[in-house]
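In case you want the letters, here they are:
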Amino acid sequence: MKEIEKMGIKTSNKQPVKEISYQDMYRLGDTLEQLKSWQEPLGVLEKFFSDKKRPVNKQKIIRDYHACSLLFHVFLTDLGSSLEKLELQIDDLKTRRKV
């Protein structure tokens, strides 16, 4: 680390480079993967709400709607916590010391 500080690594604008570890990139990647994991379940919701040819079986519609509303609630909760986690990770990276 001392050698890097002595080298004085600079960006093209002659600014010092921030110290970002592999662990930091891994944490951001994990959060991104967590958000990507919602693509398939959200596809189910999209299919349910865009299906205009649903049979008029009120009991089935009620069950499906209830299941979809639970899925959406879990997604919304997870999205909120993921966004909060991402904001904290980005704020941490912004305040890192420069090398």
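Above this text is the structure in question.
Everything numeric here is computed off the predicted structure, so don't read it as measured data.

## Regarding the packing of helix α2 (residues 22-36) against helix α4 (residues 58-94)
Between α2 and α4, whose axes approach to 10 Å, the crossing angle comes to 160 degrees. The orientation of α2 with respect to α4, classified from their angle, is roughly antiparallel. As α2 packs across α4, the resulting crossing turns out to be left-handed. Note on element contacts: α4 touches α2 through D78, L79, S82, K85, L86, Q89, D92 and L93, opposite D24, R27, L28, T31, Q34 and L35. Considered class by class, the residues forming the contact of α2 with α4 number 5 nonpolar, 4 polar and 5 charged.

## A short note on a nonpolar patch on the surface
The grouping of I20, Y22, M25 and Y26 at the surface amounts to a nonpolar patch, some 480 Å² of accessible area in total. When you line up the elements, Y22 lands in helix α2. A relative accessible area of 63% means that Y22 is categorised as exposed.

## A short note on the side chain of T31
Here T31 shows up in helix α2. Take T31: its relative accessible area is 1%, and that puts it in the buried class. If near-sequence neighbours (up to four positions away) are discounted, T31 is found in contact with S82, K85, L86 and Q89.

Scoring rules and cut-offs
Residues numbered from 1 in each chain as written. Predicted model: local features only at pLDDT ≥ 70, side-chain atom pairs only at ≥ 80, totals over all residues. Heavy atoms only, no water. Axes fitted to C-alpha atoms, helices over the stretch in contact; angles between N-to-C directions. Helix = DSSP H or I, 4+ residues; strand = E, 2+ residues; numbered from the N terminus. Parallel < 35°, antiparallel > 145°, perpendicular 65-115°, else oblique. Left-handed = near helix turned anticlockwise from the far one by under 90°. Contact = heavy atoms within 4.5 Å. Nonpolar A, V, L, I, M, F, W, Y, C, P; charged D, E, K, R; others polar. Patch = residues over 30% accessible without salt bridge, like charges linked within 9 Å, V, L, I, M, F, W, Y side chains within 5 Å. Areas by Shrake-Rupley, 256 points an atom, 1.4 Å probe, with all protein chains shown as cover. Salt bridge = Lys/Arg side-chain N within 4 Å of Asp/Glu carboxyl O. Buried < 20%, exposed > 50% of the residue type's maximum accessible area, 1.4 Å probe, protein only.

So far we have only geometry, and geometry alone does not tell us how the molecule works.
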